[in-house]
Amino acid sequence: MIELRNVHKVFQVKSQEIHAVHGVNLTIQDGEIFGIIGYSGAGKSTLIRMINQLEKQTEGEVIIDGESIGSLSGKALREKRMKMGMIFQHFNLLWSRTVAENIELPLEIAKVDKKTRKERVQELIRLVGLEGREHAYPSELSGGQKQRVGIARALANQPSILLCDEATSALDPETTQSILDLLIKINEQLKITIVLITHQMEVVQKICHRIAVMSEGKVVELNTVKEIFEHPQHEVTKRFVRDVSGSENMVRISKELQTMYPDSHILRLHFSSDISSRPILADVIRKTNLSVSIVNSNITHSMVGPMGSMYVCVDDGTEEEYQTFIQYLLDEHVKVEVFQ
């Protein structure tokens, strides 16, 4: 378990003090995929670097598995860090070494014998899907392949914690999804705790169990993915959720649909992760015999299942049938907004 207790980090820049992290308290459970999200300058990179003590906190405690690591130094700290792998946005590979040699490097530093090193490298190459690329150099790899090497290297010493510093920010959407799938596989197969920082809300939505939102060095909101997306509280969190859900376009979409379907009822239906996998709309249509068309939708996926909203157009029914249709949806815990 990772615990941050009232952690502060102050940088002295000439005569000015910069408070990068201010009074953060977090507990990250073993085996959890924990996301830390914030805009540039929020303090998230400084926070994650304090977990492995690449940055020393000015105040507070960082406790790993019951041990306060701020008091460790020298050999004891190096041994603790060996159980905390880290992957980076820009890969940080050695360009003069092959894929296998890059992965092997932490094992060499740890003075693992050659036979064991070679076996471990091959095991990791299979895990991250780089079979056949063992002898390639970083210049011969795609961005996604480079990041897979970075992940394999971070796992070399069999860490219990994997720290991901903007690990997908330099990748295209398709490659990002493949790396996220790999991280989920690693978490499930190896039971590794993953702490991931990013400014991409869609990343934490797809992969994380819980999310901490940071702003100006503070954690302003902490909750499960489901609660963060369905009931955001802080304005910063609401901005992130709007970016993913496209809710800032709701007014435009509703006006366009009202123009396209002037004589129809337009509804926006919101489905939470608890109910999104059930055929609720099909069941309600059968009960009412109304003509219902799906005219727009935005369903996204998370670790707890799909969630999102859709617009429907309802035609050819009496007012009583229309109200019954809405009530059926409400009874199934679907949130309903009426636009016309």
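Residues numbered from 1 in each chain as written. Predicted model: local features only at pLDDT ≥ 70, side-chain atom pairs only at ≥ 80, totals over all residues. Heavy atoms only, no water.

S.K.: Provide a residue-level description of the overall build of the chain, including the pertinent values.
M.R.: Per the secondary structure count, the chain includes 12 helices and 14 strands. In terms of its C-alpha atoms, the chain occupies a principal-axis envelope of roughly 80 × 50 × 35 Å. Expressed as a percentage of the 340 residues in the chain, the buried residues total 48%. Excluding contacts between residues fewer than 6 apart, the proportion of contacts in the chain whose partners are at least 24 apart in sequence is 70%. Positive and negative charge centroids in the chain, built from 39 and 45 side chains respectively, lie 10 Å apart. (Helix = DSSP H or I, 4+ residues; strand = E, 2+ residues; numbered from the N terminus. Buried < 20%, exposed > 50% of the residue type's maximum accessible area, 1.4 Å probe, protein only. Contact = heavy atoms within 4.5 Å. Lys, Arg positive; Asp, Glu negative; His and termini not counted. Charge placed at Lys NZ, Arg CZ, Asp CG, Glu CD.)

S.K.: Provide a residue-level description of the side chain of Thr198, including the pertinent values.
M.R.: Along the polypeptide, Thr198 turns up in strand β8 (residues 193–198). Looking at Thr198, the relative accessible area reads 1%, which means it is buried. Of the polar contacts made by the side chain of Thr198, one reaches the backbone nitrogen of Gln200; its length is 2.9 Å. Residues in contact with Thr198, not counting those within four places in the same chain, are Ile36, Ile37, Gly38, Lys44, Glu166, Val203 and Val204. (Polar contact = N/O pair within 3.5 Å; in protein donor to acceptor, adjacent residues only side chain to side chain.)

S.K.: With reference to specific residues and values, describe the side chain of Thr168.
M.R.: Examined against the element boundaries, Thr168 turns out to sit in the loop between β7 (161–165) and α6 (173–190). Exposure remark for Thr168: the relative accessible area of 3% places this residue in the buried category. Discounting residues that sit within four places of it in the chain, Thr168 has contacts with Thr176, Ile179, Leu180, Gln200 and Val203.

S.K.: Describe unusual backbone geometry, and please don't skip the residues or the numbers.
M.R.: Outside of glycine, negative phi angles account for most residues, and trans bonds account for most peptide bonds. Backbone geometry at Asn6 places phi at a positive 50 degrees, although glycine is not the residue there. Topologically, Asn6 is positioned in strand β1 (residues 2–13). In this structure Asn6 comes out as partly exposed when scored by relative accessible area, which is 39%.

S.K.: Explain the packing of helix α3 (residues 99–109) against helix α5 (residues 143–154) residue by residue, including any values.
M.R.: It is the contact of α3 with α5, at a shortest axis distance of 8 Å, that shows an interaxial angle of 30 degrees. The pairing of α3 with α5 is recorded here as roughly parallel in orientation. Our pair here, α3 against α5, has a crossing hand that is right-handed. Counted together, Val99, Asn102, Ile103 and Pro106 of α3 and Val149, Ala152 and Arg153 of α5 form the full contact between these two elements. Considering only residue class, the contact of α3 with α5 consists of five nonpolar, one polar and one charged. (Axes fitted to C-alpha atoms, helices over the stretch in contact; angles between N-to-C directions. Parallel < 35°, antiparallel > 145°, perpendicular 65-115°, else oblique. Left-handed = near helix turned anticlockwise from the far one by under 90°. Nonpolar A, V, L, I, M, F, W, Y, C, P; charged D, E, K, R; others polar.)

S.K.: Can you tell me about the nonpolar core, naming the residues and giving the values?
M.R.: Ile151, Leu162, Leu183, Ile207 and Ile211 are the most contacted members of the largest nonpolar core, which has 50 residues in total. No other element matches the six residues that α6 contributes to this core. In this structure, Ile211 is in contact with Gly35, Ile37, Val204, Glu221, Leu222, Asn223, Val225, Ile228 and Phe229, ignoring residues within four places of it in sequence. Within the second largest apolar cluster, 27 residues are counted, among which are Leu4, Ala42, Ile64 and Val195. (Core = buried A, V, L, I, M, F, W, Y, C linked by side-chain atoms within 4.5 Å.)

S.K.: Explain the sheet that holds strand β5 (residues 67–68) residue by residue, including any values.
M.R.: The antiparallel open sheet is built from four strands, whose spatial order is β2-β1-β4-β5. In this open sheet, the two strands that pair with only one neighbour each are β2 (16–28) and β5. The sheet contact formed by strand β4 (residues 59–64) and β5 spans two bridges and is antiparallel. Within the sheet, the bridge partner assigned to Ile63 lies in β5 and is Ser68. Across the sheet, helix α1 (residues 44–51) touches β1, β2 and β4, and the angle it forms with β1 is around 120 degrees. (Pairing = 2+ DSSP bridges.)

S.K.: Could you give me a rundown of the pattern of salt bridges, with the residues and numbers involved?
M.R.: Applying the stated criterion across every chain, the model contains 14 salt bridges. With a closest N to O distance of 3.7 Å, Lys9 and Glu55 form a salt bridge. With Lys9 in strand β1 and Glu55 in the loop between α1 and β4, this residue pair connects regions lying 46 residues apart in the sequence. For Lys9, a relative accessible area of 10% gives the class buried. For Glu166, the salt bridge identified is with Lys44, shortest N-O distance 3.9 Å. Placement of Glu166 in the loop between β7 and α6 and of Lys44 in helix α1 is noted, with a sequence separation of 122 residues between them. The exposure class assigned to Glu166 is buried, which follows from its relative accessible area of 9%. (Salt bridge = Lys/Arg side-chain N within 4 Å of Asp/Glu carboxyl O.)

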